[in-house]
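Each chain, written out:
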Amino acid sequence: MLKNRTTLRDLASTIRSKNAGVDHITFDIIFKDRAAFERVRDSGVVTPETVAALFNIPRERITDFVVFEPAKAIKFTLRRLRPSGSPGESDVFGSQHYPPLFEVEVP
Amino acid sequence: MDAVTILCPTGHLGFTPLEKGSFLAGCDLRPDVIVADSGSCDIGPYPLGADSQASPPAWQRHDLEVMLLAARRLGVPMIVGSASDTGTDRGVAQFAAFIRDIAAEHGLAPFRMATIFSEQSREALLARLADGVPILGLDGRADADDALLARTDRIVAVMDAEPIARALRQGAEVVIAGRASDCALFAAPLLNAGLSPGTAYYAGKLMECASFCCEPFMGKESILGKIREDDIRITALHPGQRCTPASLAGHAMYERRNPFFEHVVSGTVDMRNCRYDAVDERTARASGAVFVPASQPMVKLEGAGKVGERRLAIVGIRDPYTIENIDAAIAWARARLADRFGPSEQAGWTVHYHLFGRNGVMGELEPTPPANPHELGIVVETVCRDADRAEEICALAARNLFYARLAEVKGTAGTAALMADEVLVGKPGYEWTLNHLLPVRDACEVFRTEFHMVDGRARRAA
């Protein structure tokens, strides 16, 4: 492991995913303090484009992207290909889709 | 005006049993009303479509009993919404029966109960479509047509606070509501107390998941809301929890696409200018929500339809060569299935191979390139209209992995481990067919309220 490499896992107190209705999964990255929040907010490593690239999906599937100051959080939502709980789906609550965010490197 | 105080013990009544300690501590503070939501679409389309429930009846009764006994002892209203996970008519009737049963068991003095039904018939909606009323797709869905409704087995409409507030004004002391916006259950008594819809719905939005808006993370613990106009104070009641500006703001964005807007039948709560600050060690305050009334009231419809019978099998792979070539093995298995049962789409069957160890959790959204784990767990999921055929297809889909033809396989006595040579009967597969909006005349139009006197003493005597 490289030293001095900082990731979202280091800077966030909460990284979670959950259904937002039946057609979307929403992701919340809540930071430990304002400095960490502002560092990531201003770094450009978490944007609609970067998260779309992270999940290998077209930018259009990121339906919402919000920097939520009161919670020191960044939030985005993606559209599922099929509604939650349809046959073939594997995460009915959408609650285990956040781990790819852990290793996003923050300058 | 005095503050209105609301006690909320759980974010999903019955899903797991509520914790009594913090609830009784909340009762000691003499709340004006006790409120809990009991439903969610997070549990998937099966419970709605099959008109079943996700929570065990014993836990639902437990939570209702704890709440009802407290509400009657304190002499305050109790409001429960989205009865029995889905809010169908079955759920409302089931909870109403629990209430009568609990009242009889404890010999409770007479009280007035309202039941509010929100189920919608397919025929009524087809008739609206025929009249030219659109059923508008949400979240990028197409508008509903006759074919979509034909694929839908059960439909509920999502009420806002108006039908509940009306029932309370007509003297209901216990309200059992069908499908409702979670925040509406809290907003109803607040609207009746003269608070603005912005404050009322926003308070509900913050309180609907009980202790989830506090920290550290705990479920099923009670919280108390103390609400004045544009001044909502939430207190954690579990001694190990606190409600902080950060926890409250963090919750404001939970489970929603966007933290700034909440849509209900009558309008939209605009939360863009909300503020959060600390009041004391366990209490935070929120303010700043604005309600924008809808020019055209729109009720949300949720509907689910059956896709087919489901069968499951569990298969393990240990041979590194097979793991490396699992895509080829599955392609071979699928080709054999098509040979026997016809092309999947035309013949009306589907097989999903869930590869745990590769992308079994995230499916198409898994960004990690396939590694070669030392073992691979495969759940074979089969869906077909006909149950016997689903069973046969599932058995062959699993056994085809056992006989997979790969050029250099060394284990020629079987290329997979069958956890058991067994096909498991799954619940039928359903899908969310309706996530739509229906324009309505007013916020109460499609909901039906009934009143009942519940006399536990008479019932016990009899």
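By convention here, each chain's residues receive numbers from 1 onward along its written sequence. To label them, take the chains in the order written and letter them from A, then take the ligands in the order written and number them from 1. Totals for whole chains, interfaces and linings use every residue, but because this is a predicted model, local features are given only for residues with pLDDT of at least 70 and side-chain atom pairs only at 80 or more, for both listing and counting.

**Q** So what's going on with the overall build of chain A? Residues and values would help.
**A** Scanning chain A for helices and strands turns up three helices and four strands. Atoms considered for the radius of gyration are the C-alpha atoms alone. The globule rule reads 2.2 Å times the number of residues to the power 0.38. Relative to the globule expectation of 13 Å for 107 residues, the C-alpha radius of gyration of chain A, 14 Å, shows essentially globular dimensions. With respect to the principal axes defined by its C-alpha atoms, chain A has extents near 45 × 35 × 25 Å. Here chain A holds 107 residues, and the buried ones make up 41% of them. For chain A, the proportion of contacts with a sequence separation of at least 24, taken over those separated by at least 6, is 60%. Segments assigned H or I by DSSP are reported as helices when at least four residues long, segments assigned E as strands when at least two residues long, and all are numbered from the N terminus. Burial is judged by counting other C-beta atoms within 10 Å of a residue's own C-beta: 20 or more means buried, 12 or fewer means exposed, and anything between counts as partly exposed, with every C-beta placed from the backbone. Contact between two residues is assigned whenever their backbone-derived C-beta positions fall within 7 Å.

**Q** How would you sum up the overall build of chain B? Please name residues and give values.
**A** Looking only at helices and strands, chain B features 15 helices and 22 strands. Its C-alpha atoms put chain B at 80 × 55 × 55 Å along the principal axes. In chain B, which comprises 462 residues, the proportion classed as buried is 53%. Counted over contacts in chain B with a minimum sequence separation of 6, partners at least 24 positions apart contribute 75%.

**Q** Can you explain the interface of chain B and chain A? Please cite residues and give values.
**A** Opposite the 37 residues of chain B that make contact, chain A presents 39 residues. For the side of chain B that touches chain A, the secondary structure elements donating two or more residues are helix 10 (245-252), strand 16 (298-317), strand 17 (349-356), strand 18 (376-384) and strand 21 (429-439) of chain B. Asp, Glu, Lys and Arg are counted as charged, while Ala, Val, Leu, Ile, Met, Phe, Trp, Tyr, Cys and Pro are counted as nonpolar; the rest, among them Gly, fall into the polar class. Residue classes in the side of chain B that touches chain A are distributed as 17 nonpolar, eleven polar and nine charged.

**Q** Tell me about the sheet that holds strand 11 (residues 261-264) of chain B, and name the residues and values.
**A** All names here are of chain B. Following DSSP output, two strands are said to pair if at least two bridges run between them. In spatial order, the strands read 11-12-15; together these three strands make up an open sheet with antiparallel pairing. Looking at strand neighbours, the two that pair on one side only are strand 11 and strand 15 (290-293), the edges of this open sheet. Between one strand axis and the next, the sheet turns through 20° on average, direction left out of account. One ladder, built from four bridges, connects strand 11 with strand 12 (residues 267-270); its direction is antiparallel. Residue pairing across strands places Glu262 opposite Val269, the latter belonging to strand 12. Lines fitted to the C-alpha atoms define the axes, with helices restricted to the stretch that makes contact. Angles between their N-to-C directions range from 0 to 180 degrees.

**Q** I'd like a rundown of the sheet that holds strand 3 (residues 78-85) of chain B, residues and numbers included.
**A** Either a parallel or an antiparallel arrangement is found when strands of a sheet pair, and the pairing is made through backbone hydrogen bonds. Residues and elements named next belong to chain B. Overall, mixed pairing links the ten strands, which are arranged 13-14-10-9-1-2-3-8-4-22 in an open sheet. Sheet topology places strand 13 (275-280) and strand 22 (448-454) at the edges, where each strand pairs with a single neighbour. Across the sheet, the mean angle separating the axes of adjacent strands is 25° when strand polarity is ignored. As defined by bridge partners, strand 1 (residues 4-8) adjoins strand 9 (residues 223-228) across five bridges and the pair is classed as antiparallel.

**Q** So what's going on with the nonpolar core? Residues and values would help.
**A** Residues and elements named next belong to chain B. The nonpolar core criterion groups buried Ala, Val, Leu, Ile, Met, Phe, Trp, Tyr and Cys residues into a set whenever they are joined through C-beta atoms within 7 Å. Residues Ile99, Ile164, Val175 and Ile223 are the most contacted members of the largest nonpolar core, which totals 167 residues. Top element by residues in this core is helix 8 (residues 182-192). It accounts for eight residues. Other than its neighbours up to four places away in sequence, Ile164 contacts Ile79, Ile116, Val175, Ala177, Ala180, Ala184, Leu185 and Ala188.

**Q** I'd like a rundown of unusual backbone geometry, residues and numbers included.
**A** Residue and element names in this part refer to chain B. Omega for the peptide link from Glu215 to Pro216 comes to -5°, which places this bond in the cis form. Even without being a glycine, Asp85 presents a positive backbone phi close to 80°. Taking the C-beta count within 10 Å as the criterion, Asp85 has 24 such neighbours and is therefore assigned buried. The phi dihedral of Ala210 falls on the positive side, at around 50°, and the residue is not glycine. Note that Ala210 resides in the loop between helix 9 (197-207) and strand 9.

**Q** Kindly report on the environment of Arg9 of chain A, identifying the contributing residues and their values.
**A** All names here are of chain A. Locating Arg9 in the fold gives a position in helix 1 (residues 8-11). Classification of Arg9 as partly exposed rests on a count of 13 C-beta atoms within 10 Å. Remark: the alpha-carbon pair of Arg9 and Leu101, spanning 92 residues in sequence, is separated by 7.7 Å.

**Q** Give a detailed account of the packing of helix 8 of chain B against helix 9 of chain B, specifying residues and quantitative values.
**A** All names here are of chain B. Where helix 8 contacts helix 9, the two axes come as close as 7 Å, and the packing angle between them is 140°. Of the possible angle classes, the one that applies to helix 8 and helix 9 is oblique. Here the hand of the crossing between helix 8 and helix 9 comes out right-handed. Facing Asp182, Cys183, Ala184, Leu185, Phe186, Ala187, Leu190 and Leu191 of helix 8, the residues of helix 9 in contact are Pro197, Thr199, Ala200, Tyr201, Ala203, Gly204, Lys205 and Met207. Here the contact of helix 8 with helix 9 is composed, by residue class, of twelve nonpolar, two polar and two charged. To sort the angles, those under 35 degrees are grouped as roughly parallel, those over 145 as roughly antiparallel, those from 65 to 115 as roughly perpendicular, and the leftovers as oblique. Here is the rule for handedness: rotate from the far helix to the near one, and if that takes an anticlockwise turn smaller than a right angle the crossing is left-handed, while a clockwise turn gives right-handed.

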